Structure formats: C-alpha cells, structure tokens
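# Commentary on secondary and tertiary structure
Each chain is listed here by its residues.
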Amino acid sequence: MSATPPSAVAPTRLSVRDALAEAVAGMLRRPGRAVLTALGTVLGVGSFVAVLGLTATISAQIDGRFNVLTATEVSVEDVAAQQNEFAGPGFPADAEQRLRAVAGIEHAGVLWTVRLDSRTTVGPLPSGAGDPATGTAVVAASPGAVAALVPTLQQGRLYDDFAERGHERVVVIGSGLAARLGITTLATRPALYIGQEPFTVAGIVADLERRPEHLMSVLVPRATAEQLWGPPAPGAASVLIATELGAARQVADLAPLALRPDHPEYLKAVPPPDPRMLRSGVTADLSALFLLLAGICLVIGAVGIANTTLVAVLERTGEIGLRRALGARGRHVSAQFLTESAALGALGGLVGTSLGEMTVVGVCLVRDWTPVIHPVTVAAAPLTGLVTGLLAGLYPAWRAARVEPAEALRR
Amino acid sequence: MRLLRRQSRQDPQPSDEGDSPVIELRGVGLTYPGPPPVEALHPCDLTVRRGEFITVVGPSGSGKSTFLNVAGLLDSPTSGRYLLDGIDTAALPDRERTALRGRRIGFVFQSFHLLPHRSALENVALAMLYTGIPRAQRLVRARAALDQVGLGHRTGAVPGRLSGGERQRVAIARALVGRPSLLLCDEPTGNLDSANAASVLGLLDDLHGAGMTVLVITHDPEVARRGHRTVTIRDGRLHP
C-alpha cells in the first residue's frame, strides 16, 4: 500500500447496521414475497423442531409408563430341561419358603398353567353337563404367587398356606369369569367343576395388577393342582417375584441361587428392563427417519431461497447498477444479497421453530402427554434457518457482484 | 492511510478542487478487444471546467453510452489519461475508482433507476449509504435535497405514485445529495412529456446557476441547445 500513491478519496463502505437495515427494508416492502420465499425454511426448521420435540416427548411418556409395578417385578423361568433332559422340574417343592429368606422380596411364588385334556371343561356342573366356560385356563399358583399378582378382592378371600398344605379344593376366579359362569355371590357357597372335580369358590378378584390375563383363569393352590394333575410340564412353571423398590436387579441375581444352590443354571431370572435402554432405543428408532425427512425439507427450503434470490438478482440488475454507480463495491452488493437471504432464512427459522413447538404442544394436548423440548433444539433451530439462508445466498451473491454496472444501467 | 481517510471525511469539499478542471480527457479512447476489435470511442480530448453546463449530443449508436461510461468511471478507457477533479483515474485500483464515482459524480438516468418499493426520501438517502454518513444525517440531507428540487411535500411517496417529472426530480435530488463535483445526466428527459421535460431542464438550469457542473448526454438537439457549450459525438468521434 505504501508503494502506491496515497488514496485520493476515502473508500466507500457499508456498515453492518446499514446492510441489515437494507435487508429488512427489502423484506418489509415485499412481505408476501418474503413469506413465500421463507416458506421452505419454515417447513424444514418446523419439522426439525417437531420431530425432535415429539421424540423427546414420547421418550418421556415411555419413562412414565415404566412405573413402580414393572420396576419391582422379577420372573424366574425354568430352563432345566434345556440344560439337562434328565434334570426334572427346575423349581424345588419348597420354592416359596426358600425365597422368603431372600432380602428385598415382598411376595413370591410358583405358578403354571395346568395342562388339561380337551374334554376337561370348567363349569358350574361336571364335565359333559350344563354350559361350561370353554377355553378357560386353570392356573396353579402358590399363595405367594397370588399375592405377587397384586389382586383386588371383590368378594370372599384368597387361599392361604393352610389350603396349600391341606390340598384343599378351593379356587379363586376373576370377576369376568364369575360373571360368565353366572356366579354373583359367594353367600351361597357356589361350586365349580374342573372336569369331574368339584371346587369351592373361595374368592372373586376384581382386578390383577400383574398378569391381568389371569382374570379369565381359575387359580388353584399349587399343591392341589399337583396332586390332581401332576407336576408341571418341563419349562411350564415360573416363579413370580414382587420385590421392594430398587431391589429387583439384586433379587434377580440371587433368586436362582436361593432356589437351586446345586444347579442355579437351571433357572433364568428376568429382571425388569433398564429404563435408560428403553429411552435411547425409542429415540434412535424414531428420529433417524424423521430427521432425514426434515433435512430434505430444509434442503428444499434452501433451494427455494437460492432460487428466489437468484431471480431477484436478475430482476434487480438495474438496482445493482445504480448501487454500483452510487459507490457500492462488488462486495457491498454481495453482502447485501447475502444479508437478505440470511435474514429470510432466519425469519423462516424463527417462524418454523414456533410452528414446530405449537405442533408438539398440540399433539401433547390431544394425546394428554407432557410436552418435552430440549432447550438446545429451540436455540439451534433459528440458527439453522440463518445458516440455510446464508448458504442459499452464496451463489446469487457471487452473481450479483459480477454484474457489470455499465451493462446493468443500460436497462 | 487512516489519517488520510479521516481528513477527507472531515472535508467533504475536496481540497484539490481549486481551479483544476472537473473533467480533463487527454487522448482518451476505448477499444473493445475483438475479434474483431471495436473502437467504440476514438481517442479524444475534452476539458470541462468547474461550473460549466455542457451537453454532448449525437444520434443513437454514435458512442454516447460509451462516452457516458468512461466519463462516469463505469468503464475504463484503453488509452489516454482521464483526470477527474485533477485525480488521474487510470492509475486507481477498482476500490478507489468506485469511491471516486460514488463521491464525486451524481448520476441522472433516462429511466430514473429509483427503487420501486422505497419512498422518495429513502431513494435519495440511498446515495449516501456507502459514503459513511450516519443514517440520521442521511435523512436530514435527503429531505433538504428534496426541498431543493421542489418535492419537499412528497418525501413519503413511493415512485409508483409520482409523475414522470417528479420521479426525475427525485433522481436529481439523489444525484445532488452527495455534493458531487459533476452532475452526469444521460438523456434526462428521454422518458418525459414536453411539459415535464421543460421543468426538469429548468431545474438543471437552476442547479447550474447555483454553481453545479452539469454534463448532459442527449440525442435531442433541443435539449443540447440548453448547454452553454455543446459537443457533438458521431461514430465514436468527439467534435468540440
């Protein structure tokens, strides 16, 4: 610079504030056009926010459904037959007593679905007479297992250890099955026939919080079932454990040892799923596809802005020539068009963020969910629009800088 | 560099004005490289002194546009020396040619070149956008310039609501507001009816009377007669 003669005139300049003011003025004077140009970015950014927000929201809902009940349930499967075909039943006869010694267990017991031949029916009269409730399962369940199902009694009582020890012929049935069998009250001591065997209905439960499908089954004391129909088929029995809150994983580790110290490998304890795994699984599944769609929207938005800005450059050739005549350098013209496209992108980003949030809140209202949107999403979305606009404006701005002023002014 | 810039900003009337001519062309010509090469402007000499009202007249295709582009620093001559306000423009880098154009020349075009969605005031203030004058001052000066051309009452109107004569007055106000050394008018009445043309030419007379150097390029001998001196251009040759 020092070698050349000193500048005869002060160079022209364009302050950031003036460039912004020009861009905003350009947008405000053509509001309809600005809105249409920004529409692509609105949709792109809007779907980004909606997808991210809905994903976060749905993850939160699953966390909510992962409640105390599932967090305190451990089941132990009998896999003895798979390990050794001569192993016999996996669970010992005193399974319930053994589990009572394990800390952290509230209720535990063995249960299995009894295998009956097809002619054996359940009904108010012996098999082959009356109107049996077909398809009714008979479930052998020790008193601890019944308690672990968390039943709500409607009438009567549950059977206890006494009934178990004495091989009593008592059953507990669900309210649905009771209605189907025509049993409305226990005051008349109603009887129930499983095949030819009569049982006394001890209690009717209104609800089971765990395994509610057993509301349509007949629950029989384990010892009674074993005496009448023999031991369970290999692998059919399982142990249901209701643990104290937070003890489930330790109980799952200990239960096979407590039940079969000689062969813990014959039993397989299933702990409750880890809630953190649940959440990440859902997020990965959902967001991948939808984020891709949102990205495509954003690219379409960028192409829209690029196209409109390019058309504007061609349309405003005269204006470019005039600005050059007024002292604007090529880079000033570039800066102006870049600022305009970036402002359009930022506007689209802001509107899109608002629409995306409204979508999330709207869906949550309908589905009765709690909306969850990460603050980073809300902060980054308008920026995404701005960057989209900037990128879209690069080529048109370059074209604008190359417009020959003499040529442009001839129009 | 910074010191120089500050000096020239404090002093809007350049110190080198003195008695040097506004325009001094010495053998200035423009040949577009071929093939085949086109000699759009034959090497010519022309001196425009401060405060002159000079017209350049010629039929279409005579090289008027080329002359305007060279005189307005929109195009660089391929031969000769062009001194504007005593500054040799040939040696200047593009950045300073642009600055010189923006600060020392006020353009008036046949087609006005007003921004359609901006008010008259904003259109006039636009002339100072690139010269580093604060926005508030730009608006004050733009209002004064509109007053000067008799449009003080239409500052808020967009060009679409102005008559042709009013539009050209806004354009003249825009050319004036930067206090240029030269008002360069290209067919200023070409798009106007005779009444509006007369009023615009009257305005140019007034500005000349106030000391402005005015150069009008036209094909119309009637308009050319308004100048105190007329130069004819034909086939790219200037005939003083």
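The name that an unreviewed UniProt entry assigns to chain A is ABC transport system permease protein, with the source organism given as Streptomyces avidinii. Under the Sequence similarities (unreviewed entry) heading, UniProt states for chain A: "Belongs to the ABC-4 integral membrane protein family." The record in UniProt for chain A states the following under Subcellular location (unreviewed entry): "Cell membrane".

### Quick look at a nonpolar patch on the surface
There is a patch of nonpolar side chains on the surface, built from L289, F290, L292, L293, I296 and I300 of chain A and spanning about 580 Å² of accessible area. With respect to the element layout, F290 of chain A can be found in helix 11 (residues 275-315).

### Digging into the environment of A202 of chain A
Relative to the assigned elements, A202 of chain A resides in strand 8 (residues 197-208). Between the C-alpha atoms of A202 of chain A and R169 of chain A, which are 33 residues apart in sequence, the distance is 9.5 Å.

### Regarding the domain arrangement of chain A
Structurally, chain A comprises domain 1 (16-65 + 276-409) and domain 2 (69-273). For domain 1 of chain A versus domain 2 of chain A, the separation of C-alpha centres amounts to 61 Å.

### Some details on the sheet that holds strand 4 (residues 79-84) of chain B
Residues and elements named next belong to chain B. Strand order in this open sheet of 4 strands is 2-1-4-5, and the pairing throughout is antiparallel. In the strand order of this sheet, the two ends are held by strand 2 (38-48) and strand 5 (87-88), each with one partner. Pairing of strand 4 with strand 5 involves 2 bridges; the strand directions are antiparallel. Paired with L83 across the two strands is D88, which belongs to strand 5. Strand contacts of helix 2 (residues 64-71): strand 1 (23-32), strand 2 and strand 4, with the helix running at about 125 degrees to strand 1, the strand carrying the most contacts.

### A look at the interface of chain B and chain A
Contacts between chain B and chain A engage 36 residues on the former and 34 residues on the latter. Counting the surface lost from both chain B and chain A, the interface buries some 3,500 Å², and carbon and sulfur atoms represent 61% of this. In this structure, the connection of chain B to chain A is made through 3 salt bridges. Two residues, D18 of chain A and R138 of chain B, come together in a salt bridge whose shortest N-O distance is 2.9 Å. Elements with a minimum of two residues in the side of chain B that touches chain A: helix 1 (2-10), helix 2 and helix 3 (94-104) of chain B. At 10 residues, helix 3 of chain B tops the list of elements feeding residues into the side of chain B that touches chain A. Of the residues in the side of chain B that touches chain A, the class split is 13 nonpolar, 11 polar and 12 charged.

### Looking at the pairing of strand 1 of chain B
All names here are of chain B. With 7 bridges joining them, strand 1 and strand 2 adopt antiparallel strand pairing. The residue bridging V28 from the neighbouring strand is C44, located in strand 2. Joining the antiparallel neighbours strand 1 and strand 2 is a turn of 5 residues. Sheet topology note: the strand 1/strand 4 ladder contains 5 bridges and is antiparallel. Considered in strand 4, the bridge of L25 is made with Y82.

What counts, and where the lines are drawn
- Residues numbered from 1 in each chain as written.
- Chains lettered and ligands numbered in written order.
- Predicted model: local features only at pLDDT ≥ 70, side-chain atom pairs only at ≥ 80, totals over all residues.
- Heavy atoms only, no water.
- UniProt positions renumbered as here; feature names shortened; annotations may be inferred.
- Patch = residues over 30% accessible without salt bridge, like charges linked within 9 Å, V, L, I, M, F, W, Y side chains within 5 Å.
- Areas by Shrake-Rupley, 256 points an atom, 1.4 Å probe, with all protein chains shown as cover.
- Salt bridge = Lys/Arg side-chain N within 4 Å of Asp/Glu carboxyl O.
- Helix = DSSP H or I, 4+ residues; strand = E, 2+ residues; numbered from the N terminus.
- Domains from an automatic or database assignment.
- Pairing = 2+ DSSP bridges.
- Contact = heavy atoms within 4.5 Å.
- Axes fitted to C-alpha atoms, helices over the stretch in contact; angles between N-to-C directions.
- Buried area = accessible area lost by both parts, 1.4 Å probe.
- Nonpolar A, V, L, I, M, F, W, Y, C, P; charged D, E, K, R; others polar.

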